[in-house]
Amino acid sequence: MNWFILVVAGLFEIGWAIGLKYTEGFSRAWPTAGTLLSMAISVALLGIAMKTLPVGTAYAVWVGVGAIGTAILGMFLFGEPATLGRILSLLCIFAGIVGLRLSMP
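This report concerns the structure included in the present document. (Residues numbered from 1 in each chain as written. Predicted model: local features only at pLDDT ≥ 70, side-chain atom pairs only at ≥ 80, totals over all residues. Heavy atoms only, no water.)

## Points about the pattern of salt bridges
Put simply, the rule reads: When a carboxyl oxygen of Asp or Glu lies within 4 Å of a side-chain nitrogen of Lys or Arg, that pair is called a salt bridge. To sort residues, take the accessible area from a 1.4 Å probe on protein chains only and compare it with the maximum for the residue type: under 20% means buried, over 50% means exposed, and anything in between is partly exposed.
Counted under the stated rule, the structure contains two salt bridges. A salt bridge links R28 to E24, with the nearest nitrogen and oxygen atoms 3.9 Å apart. Given the relative accessible area of 35%, R28 is considered partly exposed. Given the relative accessible area of 53%, E24 is considered exposed. Here R86 and E80 are joined by a salt bridge, their closest N and O atoms 3.6 Å apart. For R86, a relative accessible area of 26% translates into the label partly exposed. Residue E80 is classed as partly exposed on the basis of its relative accessible area, which comes to 32%.

Rendered as structure tokens:
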């Protein structure tokens, strides 16, 4: 269950990372509120997952999920380049997340 919570925390990390773009320097009220709420939920869920998961593993997976999702959404929402190098690098991060999960007892 804590792995599921950790992945959901990573999804909320994607939400606040993308939300930052829409806040326009925290000058827009609703995007700022949504971004701050996503931040709080993300960190709270990470803390819950860390009750039973090792801190290094939990943090690496949390950041990895956030990085992969944010990069992919950046490509779709903001026209960021989807180069072969970026895609392969994101796959490496994904492989790391899978490896961390498989290495847990």
